[in-house]
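Topology and contacts: notes
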Amino acid sequence: MPAVTKKKGERKHQILQSLAQMLESNPGQRITTAKLAEAVGVTEAALYRHFPSKARMFEGLLDFIDESLFTHINTILEKEKQASVRSFQISQLVLIFAERNPGISRLLSGDALMGEQARLRDRVNQIFDKLELQLKQVLRERKLREGKAFDYNEAMVANQLVCWIEGKIGQFVRSDYQRKPSENLTAQWSVFEKTLFPQQ
């Protein structure tokens, strides 16, 4: 029985990997289960033995995004205690993750979800809302940890950072992966840092 379970798990992973690759190599095109089955090398019926619908396949990728990002964010929070460093490393993490996974960046930008079920777009919104909440918490802890208050409302700053992250991912997708999220990342952050985290 364990061997069967492992094989099923491997097939599910293969399906999700193929879906991510198709999203990357077919920008602007809608993914069909027929094309996905062909890429995986199985029948459509075999796909549905692992996922009850195409929406659940997309949800599987979104679960992977959520788990990957926030596992690494927790590691950052454990290692770093300064708000500016935490904020930069969290932002950098999301942007480099998107850059290294172009197909997944199409999910995060919403590009790949046009015409798909509304709950998938809601799921992407939840990921960004969770990211914004995490950044807001980091910023609010600054006064407690460093004795430095912000000149701005922390919720507004967190929202501004998330809008910047979303914008860079969207630009990456719109440019067919030519405008990389890491482009000018450090220089842009230095502008944010001087404005948002002035030395007091």
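Look a little higher up for the structure.
Residues numbered from 1 in each chain as written. Predicted model: local features only at pLDDT ≥ 70, side-chain atom pairs only at ≥ 80, totals over all residues. Heavy atoms only, no water.

**Remarks on the pattern of salt bridges**
- Overall, the coordinates contain ten salt bridges when judged by the stated rule.
- Between R106 and D111 there is a salt bridge, with the nearest N and O atoms lying 2.6 Å from each other.
- For the salt bridge of E146 with R142, the shortest nitrogen-to-oxygen distance reads 3.9 Å. Of this pair, E146 and R142 both sit in helix 7 (residues 118-146), four residues apart, which is roughly one turn of the helix.
- With a relative accessible area of 23%, E146 lands in the partly exposed category.
- Judged by relative accessible area, R142 falls into the buried class, the value being 3%.
- Residues participating in the shared-partner salt-bridge network are D63, D66, R123 and K130. (Salt bridge = Lys/Arg side-chain N within 4 Å of Asp/Glu carboxyl O. Helix = DSSP H or I, 4+ residues; strand = E, 2+ residues; numbered from the N terminus. Buried < 20%, exposed > 50% of the residue type's maximum accessible area, 1.4 Å probe, protein only.)

**What about the nonpolar core?**
- Residues I65, L107 and L131 are the most contacted members of the largest nonpolar core, which totals 59 residues.
- Among the elements that take part in this core, helix 4 (residues 54-79) stands out by supplying eleven residues, more than any other.
- In contact with I65, other than residues within four places in its own chain, are F97, I104, L107, L108 and I127. (Core = buried A, V, L, I, M, F, W, Y, C linked by side-chain atoms within 4.5 Å. Contact = heavy atoms within 4.5 Å.)

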